[in-house]
Amino acid sequence: MGLNLDDKKAVVAEVSAKVAQAQAIVLAEYRGLEVGDMTALRAKARSSGVYFRVLKNTLARRAVTGTPFESLAQHMIGPLAYGISADPVAAAKVLNEFAKANERFVIKAGAMPGQVMTPKQVATLATMPSREELLAKLMGTMQAPIATLVRTLNEVPGKFVRTLAAVRDQKQAA
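Asks: Give a description of the packing of helix α1 (residues 5-21) against helix α3 (residues 57-64) that names residues and reports values.
Replies: Relative to each other, α1 and α3 sit at 50 degrees, their axes nearing to 8 Å. Relative to α3, the element α1 is oriented oblique. Note on packing geometry: the crossing formed by α1 with α3 is right-handed. Contacts from Lys8, Val11, Val12, Val15, Ser16 and Val19 of α1 reach α3 at Leu59, Arg62, Ala63 and Val64. Classifying every residue of the contact of α1 with α3 gives seven nonpolar, one polar and two charged.

Asks: How would you summarise the pairing of strand β3 (residues 80-85) if you had to cite specific residues and measurements?
Replies: Summarising burial for β3: six of the six residues are buried, a large majority. Of the two faces of β3, the one holding Leu80, Tyr82 and Ile84 and the one holding Ala81, Gly83 and Ser85 are both buried throughout. Direction of pairing for strand β1 (residues 24-29) relative to β3: antiparallel, over a ladder of six bridges. Across the sheet, the residue bridging to Val26 is Gly83, located in β3. Looking at chain direction, strand β2 (residues 51-54) and β3 are connected through four bridges and run antiparallel.

Definitions and limits used
- Residues numbered from 1 in each chain as written.
- Predicted model: local features only at pLDDT ≥ 70, side-chain atom pairs only at ≥ 80, totals over all residues.
- Heavy atoms only, no water.
- Axes fitted to C-alpha atoms, helices over the stretch in contact; angles between N-to-C directions.
- Helix = DSSP H or I, 4+ residues; strand = E, 2+ residues; numbered from the N terminus.
- Parallel < 35°, antiparallel > 145°, perpendicular 65-115°, else oblique.
- Left-handed = near helix turned anticlockwise from the far one by under 90°.
- Contact = heavy atoms within 4.5 Å.
- Nonpolar A, V, L, I, M, F, W, Y, C, P; charged D, E, K, R; others polar.
- Buried < 20%, exposed > 50% of the residue type's maximum accessible area, 1.4 Å probe, protein only.
- Pairing = 2+ DSSP bridges.

Shown next, in the form of structure tokens:
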């Protein structure tokens, strides 16, 4: 059963809102995929902060019209599932990981604002660490010199205390 005009407008508005906040969109063909597998993918996408939806391509084209993702419309052919995320790596990572485990799930294209990506580029993007991982590495790198300085400064009084303890023990033994 098809959607009526009001339902279609609601879907386009919902997807347009997600696209407006998006940093990445990944398109994947799901032909022949079982419902259980699709449900597992939806759960994984939801937990990773990825908006995942199967859409009619005409509605998806309307949703990306006038956005930096407009050039992606030429790749919207066939039965497609759309992964949209505010984290540029999250959508690529979730869908690429699922595509490796399921040969019937094929990534067709992807996009970042103003740039369309091939399936190979999407796979490369999926191997990058997420924003949180990069921030953690940056903080660790920034913290390392300070932690080393604190340990070095703490070693001076520590060595003094160990020397006094050794002298005390030596006097008690004598």
